[in-house]
Amino acid sequence: MFQTSADMLLFILVYLKQYLTQTMLGRLFGIKQPQANRWIHLLHPVVNCALERAECRPDRTDVMQLSANPDTTTAEHAAPFYP
């Protein structure tokens, strides 16, 4: 299982960044799919709480407004390109 809290942090950050299936995540970290599921459900709220306390949690209101307004294009909201 996980030896350190850094291992747990890596696990949940890999999940959130790559959004791997629980089976693949389990294989990557040497655990079974049900264990991966339990760890995801345990650690995800912890990360959200830590980001909230640090006032670093991503704001999802832009995403909600985009999906609510089909007249806007994704290019209008894309990050600027810097060569």
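Right, let's walk through the structure included here. Note that the coordinates shown come from a computational prediction; the quantities given were computed from them, not determined experimentally.

### Concerning the nonpolar core
If you look at the biggest cluster of nonpolar residues, it comprises 12 residues: Phe2, Phe11, Ile12, Val14, Tyr15, Leu25, Ile31, Ala36, Trp39, Ile40, Leu43 and Val47. Mapped by element, the contributors of at least two residues to this core are α1 (5-18) and α3 (33-53). It is α3 that provides the largest number of residues to this core, a total of 5 residues. When sequence neighbours within four positions are dropped, the list of residues in contact with Ile31 reads Met1, Phe2, Phe11, Gly26, Ala36 and Trp39.

### Structural notes on the packing of α1 against α3
With their axes 10 Å apart at the nearest point, α1 and α3 run at an angle of 90 degrees to one another. By the angle between their directions, the pair α1 and α3 is classed as roughly perpendicular. Contacts from Met8, Phe11, Ile12, Tyr15 and Leu16 in α1 reach Ala36, Trp39, Ile40, Leu43, His44 and Val47 in α3. Among the residues making up the contact of α1 with α3, the classes are represented as 10 nonpolar, 1 polar and no charged.

Reading guide: rules and limits
- Residues numbered from 1 in each chain as written.
- Predicted model: local features only at pLDDT ≥ 70, side-chain atom pairs only at ≥ 80, totals over all residues.
- Heavy atoms only, no water.
- Core = buried A, V, L, I, M, F, W, Y, C linked by side-chain atoms within 4.5 Å.
- Buried < 20%, exposed > 50% of the residue type's maximum accessible area, 1.4 Å probe, protein only.
- Helix = DSSP H or I, 4+ residues; strand = E, 2+ residues; numbered from the N terminus.
- Contact = heavy atoms within 4.5 Å.
- Axes fitted to C-alpha atoms, helices over the stretch in contact; angles between N-to-C directions.
- Parallel < 35°, antiparallel > 145°, perpendicular 65-115°, else oblique.
- Nonpolar A, V, L, I, M, F, W, Y, C, P; charged D, E, K, R; others polar.

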